[in-house]
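# Coordinate inspection notes
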Amino acid sequence: MSKPKIISRIIIEILGTPKEHVEKTSEDIIKKLEERPNTKLQTSKTFEAIQTEDKLWSTFCEVELETED
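Counting restarts for each chain: residues are numbered from 1 in the order of the written sequence. The model is predicted, so local features are restricted to residues of pLDDT at least 70 and side-chain atom pairs to those at 80 or more, both for listing and for counting; the totals for chains, interfaces and linings are taken over all residues. For the side-chain quantities, the full set of heavy atoms in the structure was used; hydrogens and water were omitted.

## Re the packing of aromatic side chains
Between rings of Phe, Tyr and Trp, where Trp is taken as its six-membered ring, a pair exists when centres lie within 6.5 Å; planes separated by under 30 degrees are stacked, by over 60 edge-to-face, and by other angles tilted. Throughout the structure, instances matching the rule amount to 1 aromatic pair. Taken together, a centroid distance of 4.5 Å and an interplanar angle of 20° make the contact between Phe47 and Phe60 stacked. Here the residue Phe47 occupies a position in the loop between strand 2 (39–46) and strand 3 (50–51), and Phe60 occupies one in strand 4 (residues 57–67), the gap between them amounting to 13 residues. The numbering of helices and of strands both runs from the N terminus, where a helix is a DSSP run of H or I of at least 4 residues and a strand a run of E of at least 2.

Have a look at this one:
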């Protein structure tokens, strides 16, 4: 009997400066999720970084993962 799969939908927000660092960190997090054993990245969508009133940069990713545990 196979284990049931767990589907998770998560939002990851990143806030910082400079813009390039925020975007690179977002990419790195998605790559790390893809490399996790027993985890299948179903979908991911990363939104363009925008500057906040505090002069920081903000972006977020919508991710759907399938895991066994």
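So, next bit.
## Some remarks on the nonpolar core
Residues Ile12, Ile14, Val22, Ile30, Leu33, Leu41, Ala49, Trp57, Cys61, Val63 and Leu65 constitute the largest nonpolar core, which totals 11 residues. Going through the elements one at a time, strand 1 (6–16), helix 1 (19–35) and strand 4 are the ones with two or more residues in this core. At 4 residues, the largest contribution of residues to this core is made by strand 4. Only heavy atoms matter for contacts: two residues are in contact if any of them lie within 4.5 Å across the pair. Ignoring anything within four residues of it in the chain, the contact list for Leu65 reads Ile6, Ile7, Ser8, Ile10, Leu33, Thr39, Lys40, Leu41 and Gln42. The set of buried Ala, Val, Leu, Ile, Met, Phe, Trp, Tyr and Cys residues whose side-chain atoms join them within 4.5 Å is what this entry labels a nonpolar core. Per-residue accessibility, obtained with a 1.4 Å probe over protein chains only, is compared with the maximum for each type, and a residue is labelled buried under 20%, exposed over 50%, and partly exposed between these values.

## A short note on the pattern of salt bridges
For this document, the term salt bridge refers to a Lys or Arg side-chain nitrogen within 4 Å of an Asp or Glu carboxyl oxygen. The full count for this structure, using the stated rule, is 3 salt bridges. The shortest N-O distance in the salt bridge between Lys5 and Glu68 comes to 3.7 Å. Highlighted residues: Lys5 in the segment before strand 1 and Glu68 in the segment after strand 4, separated in sequence by 63 residues. Judged by its relative accessible area of 48%, Lys5 is partly exposed. Notably, a salt bridge pairs Lys24 with Asp28, separated by 2.8 Å at the nearest N-O pair.

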